[in-house]
Amino acid sequence: MTQSVVVQVGQCGNQIGCCFWDLALREHAAVNQKGIYDEAISSFFRNVDTRVVGDGGSISKGKICSLKARVLEDEFPEVYRFVTSIYPSGEDDVITSPYNSILAMKELNEHADCVLPIDNQSLFDIISKIDLMVNSGKLGTTVKPKSLVTSSSGALKKQHKKPFDAMNNIVANLLLNLTSSARFEGSLNMDLNEISMNLVPFPQLHYLVSSLTPLYTLTDVNIPPRRLDQMFSDAFSKDHQLLRADPKHSLYLACALMVRGNVQISDLRRNIERLKPSLQFVSWNQEGWKTSLCSVPPVGHSHSLLALANNTCVKPTFMELKERFMRLYKKKAHLHHYLQVEGMEESCFTEAVSSLSALIQEYDQLDATKNMPVQDLPRLSIAM
Amino acid sequence: MSIVTVQLGQCGNQIGFEVFDALLSDSHSSQGLCSMRENEAYQASCKERFFSEEENGVPIARAVLVDMEPKVINQMLSKAAQSGQWKYGQHACFCQKQGSGNNWAYGYSVHGPRHEESIMNIIRKEVEKCDSFSGFFIIMSMAGGTGSGLGAFVTQNLEDQYSNSLKMNQIIWPYGTGEVIVQNYNSILTLSHLYRSSDALLLHENDAIHKICAKLMNIKQISFSDINQVLAHQLGSVFQPTYSAESSFHYRRNPLGDLMEHLVPHPEFKMLSVRNIPHMSENSLAYTTFTWAGLLKHLRQMLISNAKMEEEGFKDPALYTSWLKPVNAFNVWKTQRAFSKYEKSAVLVSNSQFLVKPLDMIVGKAWNMFASKAYIHQYTKFGIEEEDFLDSFTSLEQVVASYCNL
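The sections below set out a description of the structure shown in this document. Note that this is a predicted model, so its numbers are computed, not measured. (Residues numbered from 1 in each chain as written. Chains lettered and ligands numbered in written order. Predicted model: local features only at pLDDT ≥ 70, side-chain atom pairs only at ≥ 80, totals over all residues. Heavy atoms only, no water.)

1. Observations concerning the overall build of chain B
For clarity, the threshold we go by: Each helix is a run of DSSP H or I of at least 4 residues and each strand a run of E of at least 2, with the numbering of both proceeding from the N terminus. Burial classes: relative accessible area under 20% of the type maximum marks a residue as buried, over 50% as exposed, and values in between as partly exposed (1.4 Å probe, protein chains only). Whether two residues touch is decided by their heavy atoms; if any such pair falls within 4.5 Å, the residues are in contact. Shrake-Rupley sampling with a 1.4 Å probe provides the accessible areas, and residues are treated as covered by the protein chains on show and by no other component.
When helices and strands are tallied, chain B shows 16 helices and 11 strands. Relative to its 406 residues, chain B shows a buried fraction of 60%. Residue pairs at least 24 apart in sequence account for 78% of intrachain contacts in chain B once pairs closer than 6 positions are excluded. Accessible surface, chain B: about 16,300 Å² in total, of which carbon and sulfur atoms supply 51%.

2. Regarding the overall build of chain A
Broken down by element type, chain A carries 12 helices and 9 strands. A burial count over chain A gives 57% of its 384 residues as buried.

3. A closer look at the interface of chain A and chain B
It is common to give the size of an interface as the accessible area lost on bringing the parts into contact. The condition is simple: When two parts are brought into contact, each loses some accessible area as probed by a 1.4 Å sphere; the total of that loss over both is the buried area. Here, a salt bridge means any side-chain nitrogen of Lys or Arg that lies within 4 Å of a carboxyl oxygen of Asp or Glu. Polar contact criterion, stated in full: a pair of N or O atoms within 3.5 Å, where within protein one must be able to donate a hydrogen and the other to accept it, and residues adjacent in sequence count only if both atoms are side-chain atoms. Residue polarity follows a fixed list, in which Ala, Val, Leu, Ile, Met, Phe, Trp, Tyr, Cys and Pro are nonpolar, Asp, Glu, Lys and Arg are charged, and the others, Gly among them, are polar.
Each partner contributes to the interface: chain A provides 52 residues, whereas chain B provides 55 residues. Summed over both sides, the interface between chain A and chain B buries roughly 4,500 Å², with carbon and sulfur atoms accounting for 51% of that surface. The three residues of chain A that bury the most area against chain B are M197, R379 and L380 of chain A, which together make up 17% of that side's buried surface. Applying the counting rule to chain A against chain B returns 4 salt bridges. At the boundary of chain A and chain B, one finds 28 residue pairs in polar contact (both at pLDDT 80 or more). For the side of chain A that touches chain B, the element with the highest residue contribution is helix α7 (residues 192–199) of chain A, accounting for 6 residues. Taken together, the residues of the side of chain A that touches chain B sort by class into 23 nonpolar, 15 polar and 14 charged.

4. Looking at helix α8 (residues 224–239) of chain B
Note the threshold: In a helix, the anticipated span is given by 1.5 Å times the number of residues less one.
Spanning 16 residues, α8 of chain B covers 22 Å between terminal C-alpha atoms, matching the ideal 22 Å at 1.5 Å per step. Taken across its 16 residues, α8 of chain B has 14 buried, putting it largely inside the fold.

5. With respect to the pattern of salt bridges
Applying the stated criterion across every chain yields a total of 18 salt bridges over all chains. For D125 of chain A, the salt bridge is made with R244 of chain A, and the minimal N-O distance between the two is 3.3 Å. Of this pair, D125 of chain A sits in helix α5 (residues 120–136) while R244 of chain A sits in the loop between α8 (225–235) and β6 (251–261), and the two are 119 residues apart along the sequence. For D125 of chain A, a relative accessible area of 33% gives the class partly exposed. Its relative accessible area of 52% is what places R244 of chain A among the exposed residues. The salt bridge involving E386 of chain B is made with K373 of chain B; its shortest N-O contact spans 3.8 Å. A residue pair is termed long-range when its members are at least 10 positions apart, and E386 of chain B in helix α16 (residues 386–404) and K373 of chain B in the loop between α14 (356–371) and α15 (376–380) qualify at 13 residues. Overall, the relative accessible area of 34% leaves K373 of chain B in the partly exposed class. A network of salt bridges, in which partner residues are shared, links K106, E110 and E351 of chain A.

6. What about the packing of helix α4 (residues 97–111) of chain A against helix α12 (residues 346–368) of chain A?
All names here are of chain A. Just so we agree on the cut-off: Every angle, taken between N-to-C directions, lies between 0 and 180 degrees, and every axis is a line fitted to C-alpha atoms, over only the stretch in contact when it is a helix. Angle categories are assigned with fixed cut-offs, so that under 35 degrees is roughly parallel, over 145 is roughly antiparallel, 65 to 115 is roughly perpendicular, and the rest are oblique. Each helix crossing is assigned a hand: it is left-handed if the near helix lies turned anticlockwise from the far helix by less than a right angle, otherwise right-handed if that turn is clockwise.
Running from N to C, α4 and α12 cross one another at 65°; their axes reach a closest spacing of 9 Å. Overall, the two elements α4 and α12 adopt an arrangement that is roughly perpendicular. In the crossing of α4 with α12, the sense of the turn from one axis to the other is left-handed. For the pair α4 and α12, contact is made by Y99, I102, L103, M105, K106 and N109 and by C348, F349, E351, A352, V353, S355, L356 and L359, respectively. Across the contact of α4 with α12, the residue classes break down as 10 nonpolar, 2 polar and 2 charged.

In structure tokens, the structure reads:
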């Protein structure tokens, strides 16, 4: 069992981390009835813990998270660094968040192996969607309360008055699903290092858009195959992405499907065949699918799917971020707060923004190849 | 003579388990349809090849299990023990905690050298247990990191340390679409290395076996377990005891040696494939009867698309290359004893152009990806450079060309 360490940084990171541990325990408790410290638990709990870092808050937060990534790389170069990053949404309570984000992004660009960007607006939209479903009271449909991707473990009886709790739970579930194959058995296992290997074709392009389905389970126990297929379709819809992005209409560099529960390889293949025609993959990776099957589903579900997409649909998020940065930077607004801190200079800002521009340009170049016909290159010829 | 099986990676270990299970349950099957003496000879021969005996009568598989993370090996060990019929040796495993990340370079250049001594030690102990040792049967996949990379490294080591013994690698060809994104890279690296160090490559395609499950066996929701069982059935029917000649009284003593002798006439041509019939769902078994003519005709049809009858069909010189006479190229091994619930069954192991098309496709896809340099940094990180890729491409283009020129 590979073991992972979770590093929680800042208010955001720590709050998410808190939900994560509760849910992780709940998941292991469901599998391990006797409460014995077994191999599966040892992947996270020490008799330890993935890197979770929160982004975009106060000045100190921004610095800590990027410092962590770099320090971790120096100290432990062989260990993979996965960063779950919360990107600021349009209406944000922190004015200087664009500065923080861009500065942090430069470090993430260089020192993280994989970044899963998430934004609060998407999480909020998902919650609204769930609330609508739960409260709609459609005839014959009742939702299992524990199955909500937003629900916390039963132990904490707090009421979810604040949406942040529900939102954090979604991220916690993401992390659980990401590591499920490393913790539990399955017919096709996938470790974190495999995610990086298969989904990062070039070192800079390591941003993965994630989506979780299903968001809830109905109490109807017999799941007809159509519902299973619906789970796969949903994973590609823009409503289920944890970032404001539409992968279906952009270019895929690679895609990973991590399935949990009673799903077999034939179901997986059938759905890939079915969905492939509506998705666009880059010419050198037309069959860019990485899959895994884990036998243990999340609590309250019979099956679930986590999709990770390396897709050019992240570009708009980065472009927007750059724009908001430039609006502040052009006026040099609030800059003096940063420059007062020892070690910070204007060059840090200019380097950071040019690093982001270079990244955006790479995505642009890839997008330009969309819709071009796939050409077979001439092969080596052998003299007989 | 005994065969030592080396199971590598998740795929290798999952399949290895099914193979031993199939071999033993066939061996203990009550539907042998032959005399008791015949049955006992069969069982003894099977046991000698694949199992060693323990004090309380539970056979131990002659196997070495290797994986870079512990979950799968632990699962297989307990499944075997639970069956009560057989088990794996307690000290026959080697595991780490980390996995190979689907990275051939990591399996070959990092895990290989790091764990070389320990792995080879365990293999040596297993070989020493054999009274007469015939060779190695190495089970691995091409698409992942451990089976492919570490598998290539181990095979090379076996070639160095046991150059007089035979090595047959059972390689799993991944589905065309989407098990692992870098599967084509891992595959070409594996195949080019193994071509140099292995004696024969027995290749099984997931796609082909999937079709067997879907169309012939009517399995609705096909799982890897189903696929592995079909594979194990095919391998079992190749490796279970058969007679060496028409009227001989002894079961063949050296299956590996005999297979190689007949199937690999020239070192340039090492790729073997297996076709086996019949395959049916449990339900249909009771209602079907077979004739040998029918079975062999079917097999031959599977080999090419013409239709002729009986063994005669296989003696047609048109099937074989000009430098081989049918009498040398075609061999029949028989036994009275029925295999695994089928009243009559037949298996065809062939060295043919059958695999050229899939090989060509994989080389083509890998080449396209290589041209854009995608994922190459993941390999160069661990010491596999672009030149190594080019070497692999060259070797495999050579193999394709050789087969095409037959």
